[in-house]
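Working through the structure, step by step
One-letter residues, chain by chain:
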Amino acid sequence: MKPGIHPAYGPVVFRDTAAGHSFLTRSTATSDKTVEWEDGHTYPVVDVEISSVSHPFYTGTARVLDTAGRVERFERRYGRRPEAS
């Protein structure tokens, strides 16, 4: 890599505010806030609204959309397309 043009890449704590879960990873994200981690070191902390701990897709609480019902409702409202001959 070319020196001097890339952001600093180092350990950062991401804290999920919705679930109260934190994890340590490496990132180029920066923050003025810091937190003392389980290993006794102090790391910058980035607060996120949602992560895999609180996202409905990963927690299994995602809703399944009824696409067949939507198509039928659309056809009732606007009619079917004419068949191509």
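Bear in mind the structure is a predicted one, so any value in this text is a computation, not a measurement. (Residues numbered from 1 in each chain as written. Predicted model: local features only at pLDDT ≥ 70, side-chain atom pairs only at ≥ 80, totals over all residues. Heavy atoms only, no water.)

Here the focus is the overall build of the chain. Along the chain, the regular secondary structure elements total 2 helices and 4 strands. The principal-axis extents of the C-alpha atoms in the chain amount to approximately 70 × 35 × 20 Å. Burial analysis of the chain (85 residues in total) assigns 14% to the buried set. Sequence-distant contacts in the chain: of pairs separated by 6 or more residues, those separated by 24 or more amount to 34%. For the chain, the exposed surface amounts to about 7,400 Å²; the carbon and sulfur share of it is 52%. (Helix = DSSP H or I, 4+ residues; strand = E, 2+ residues; numbered from the N terminus. Buried < 20%, exposed > 50% of the residue type's maximum accessible area, 1.4 Å probe, protein only. Contact = heavy atoms within 4.5 Å. Areas by Shrake-Rupley, 256 points an atom, 1.4 Å probe, with all protein chains shown as cover.)

Sheet architecture is open: 4 strands sit in the order β2-β1-β4-β3, paired in mixed fashion. Both edges of this open sheet fall to β2 (21-27) and β3 (34-36), since each of them pairs with a single strand only. Taken pair by pair, the neighbouring strands of this sheet meet at an average axis angle of 45 degrees, ignoring direction. Of the pairings in the sheet, the one linking strand β1 (residues 10-16) to strand β4 (residues 42-48) comprises 4 bridges and is parallel in character. (Pairing = 2+ DSSP bridges. Axes fitted to C-alpha atoms, helices over the stretch in contact; angles between N-to-C directions.)

It is worth spelling out the packing of aromatic side chains at this point. All chains considered together, the criterion is met by 2 aromatic pairs. On the basis of an interplanar angle of 25 degrees and a centroid distance of 5.9 Å, the ring pair of F14 and F23 is categorised as stacked. Taking 4.9 Å as the distance between ring centres and 50 degrees as the angle between the ring planes, the aromatic pair formed by F74 and Y78 counts as tilted. Of this pair, F74 and Y78 both sit in helix α2 (residues 67-78), 4 residues apart, which is roughly one turn of that helix. Assessed through its relative accessible area of 55%, Y78 is described here as exposed. (Phe/Tyr/Trp six-rings, centres within 6.5 Å; stacked < 30°, edge-to-face > 60°.)

Let's shift gears to the pairing of β4. In the sheet, β3 pairs with β4 via 3 bridges, with the strands oriented antiparallel. Within the sheet, the bridge partner assigned to E36 lies in β4 and is T42. Linking β3 back to β4 in an antiparallel pair, the connection comprises 5 residues, with G40 at a positive phi of about 90 degrees.

This part takes up the pattern of salt bridges. All chains considered together, the criterion is met by 2 salt bridges. Close ionic contact of R15 with D47 constitutes a salt bridge, the shortest N to O distance being 2.7 Å. Of the two residues, R15 is situated in strand β1 and D47 in strand β4; the sequence distance between them amounts to 32 residues. Under the relative-accessibility criterion, R15 is labelled partly exposed at 29%. On the accessibility criterion, D47 (32% relative accessible area) is partly exposed. Residues participating in the shared-partner salt-bridge network are R15, K33 and D47. (Salt bridge = Lys/Arg side-chain N within 4 Å of Asp/Glu carboxyl O.)

The analysis is restricted to geometry; functional conclusions fall outside its scope.
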